[in-house]
Amino acid sequence: MRNRRHRSRAVVALATTALLCGGALTACDAQGGNSGAPGGSSAHRPSPKPTPAWDTSPRSLAAVGDSITRGFDACSVLSDCPEASWATGTDTEINSLATRLLGKTRAATHSWNHAKTGARMADLTGQVEEAAAERPELVTVMTGANDACRSSAAAMTPVAQFRADFQEAMRTLRRELPKAQVYVASVPDLKRLWSQGRTNPLGKQVWKLGICASMLADPDDLDARATERRDAVRDRVVAYNEVLKEVCEKDRRCRHDGGAVFDYRFDGDQLSHWDWFHPSKNGQARLAEIAYRRVTSKKPGA
């Protein structure tokens, strides 16, 4: 009888355990109890530190984009001046992003400028492919102004095409540089640049050579048709900036400037005294400041 009672109690215990484990499989180990698995509970194991989504101290930098990143008209008329570039310039007046992040010595060997004057968004993928050869930890992007600066407002790059081209460039970058960080600057407010530069006679003479005709043609014409044309260009820039932001935000290693360049109120000191449209050395230095704040901020929107 005693053996039969022992066997009955054992059966009840096993049945109870089975019911408990059936209701919460993860609470029971292979031995049928609630104790941790052999080797100790995972709760006591140190958790690995997650890899930060953004490194505020990258050790190399490649720049892609257009004439602004080439320092066009910052040093002499209708000429590139890469030493004055906000991104990779070596001129001490600029204190470029590369110099701020890497130091003067390292910036000379670990920063590269693949931007090209006149480039549009359709050219960005090729620039990214060139930049990938250096394996940079940070890639800066500033392009889109030439997509709006066309011979006429009708010739501007359609927004859908602009988006497709940027997405293709980002796919290429991720394929070639899966861990690289990307800083994307907004397109400047071209209408504000027209408003500032149109007061300078020399600038208006240079504009006649064909610089951004969609915005700058007939700079003193203020009739309804000219105003509508300039507003259309500005609206297109706003749409481009929205594309840049939306595409960038889908990539955890990409930071958009939040419209800081578009919002920046360039004045006479920050505009080239050759064409009164592109950034001067002073303007390039302001772009470097904006970029540095964004790249080194612990929070994306700071």
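Residues numbered from 1 in each chain as written. Predicted model: local features only at pLDDT ≥ 70, side-chain atom pairs only at ≥ 80, totals over all residues. Heavy atoms only, no water.

**Observations concerning helix 12 (residues 281–296)**
Spanning 16 residues, helix 12 covers 22 Å between terminal C-alpha atoms, matching the ideal 22 Å at 1.5 Å per step. Restricting attention to buried positions, one finds in helix 12 the residues Gly283, Gln284, Ala285, Leu287, Ala288, Ile290, Ala291, Arg294 and Val295. The elements touched by buried residues of helix 12 are helix 2 (97–102), strand 3 (138–142), strand 4 (181–184), strand 5 (254–256) and helix 11 (260–263). Where helix 12 starts, the residue carrying a side-chain oxygen 3.3 Å from the main-chain nitrogen of Asn282 turns out to be Ser280. (Helix = DSSP H or I, 4+ residues; strand = E, 2+ residues; numbered from the N terminus. Expected span 1.5 Å × (residues − 1). Buried < 20%, exposed > 50% of the residue type's maximum accessible area, 1.4 Å probe, protein only. Contact = heavy atoms within 4.5 Å. Polar contact = N/O pair within 3.5 Å; in protein donor to acceptor, adjacent residues only side chain to side chain.)

**Details of the side chain of His256**
In this structure, His256 sits in strand 5. Among the polar contacts made by the side chain of His256, one reaches the main-chain amide nitrogen of Gly258 at a distance of 2.9 Å. Leave out the neighbours within four places in its chain, and His256 touches Val184, Ser186, Asn241, Leu244, Lys245 and Cys248.

**Section: unusual backbone geometry**
Both trends apply: most residues other than glycine have a negative phi, and most peptide bonds are in trans. Here the phi dihedral of Leu78 falls at roughly 55°; this positive angle occurs in a residue that is not glycine. Tracing the backbone through its elements, the reader meets Leu78 in the loop between strand 1 (61–65) and helix 2. Phi angles above zero are rare outside glycine, and Asp218 is one such case at about 45°. On the secondary structure map, Asp218 appears in the loop between helix 9 (213–216) and helix 10 (224–249).

**Quick look at the pairing of strand 1**
Within strand 1, five of the five residues are buried, which leaves it mostly tucked inside the rest of the structure. Neither face of strand 1 is exposed, since Leu61, Ala63 and Gly65 on one face and Ala62 and Val64 on the opposite face are all buried. With three bridges connecting them, strand 1 and strand 2 (residues 111–113) associate as parallel partners. Bridge pairing in strand 2 links Ala63 to Asn113. Here strand 1 pairs with strand 3 via five bridges, running parallel. Its bridge partner lying in strand 3, Ala62 is registered against Val139. (Pairing = 2+ DSSP bridges.)

**Quick notes on the environment of Leu202**
One can find Leu202 in helix 8 (residues 201–207). Here Leu202 falls in the partly exposed class, since its relative accessible area comes to 46%. With 72 residues separating them along the chain, Leu202 and Trp274 place their C-alpha atoms 7.4 Å apart. Discounting chain neighbours no more than four positions away, the residues touching Leu202 are His273 and Trp274.

**Here's the deal with the sheet that holds strand 3**
Taken in spatial order, the five strands line up as 2-1-3-4-5 in an open sheet, and their pairing is parallel. Both edges of this open sheet fall to strand 2 and strand 5, since each of them pairs with a single strand only. Going from strand to strand, the sheet's axes swing by 15° on average, the running direction of each strand aside. Pairing geometry for strand 3 and strand 4, over four bridges, is parallel. Counted as the bridge partner of Val139 is Val182 from strand 4. Sheet strands in contact with helix 6 (residues 159–176) are strand 3, strand 4 and strand 5, and its direction is about 155° off that of strand 4. Packing of helix 12 onto the sheet brings it into contact with strand 3, strand 4 and strand 5, and relative to strand 4 it is tilted by some 135°. (Axes fitted to C-alpha atoms, helices over the stretch in contact; angles between N-to-C directions.)

**As for the packing of aromatic side chains**
Aromatic ring pairs are described here by two measures, namely the spacing of the ring centres and the angle between the planes. Tallied over the entire structure, the rule returns three aromatic pairs. With a centroid separation of 6.2 Å and an interplanar angle of 65°, the aromatic rings of Trp86 and Tyr183 are classed as edge-to-face. Of this pair, Trp86 sits in the loop between strand 1 and helix 2 while Tyr183 sits in strand 4, placing them 97 residues apart in sequence. The class for Trp86 is buried, based on a relative accessible area of 0%. A relative accessible area of 1% means that Tyr183 is categorised as buried. Taking 4.9 Å as the distance between ring centres and 75° as the angle between the ring planes, the aromatic pair formed by Tyr264 and Phe266 counts as edge-to-face. Here Tyr264 falls in the partly exposed class, since its relative accessible area comes to 23%. Phe266 gets classed as buried once you look at its relative accessible area, which sits at 5%. (Phe/Tyr/Trp six-rings, centres within 6.5 Å; stacked < 30°, edge-to-face > 60°.)

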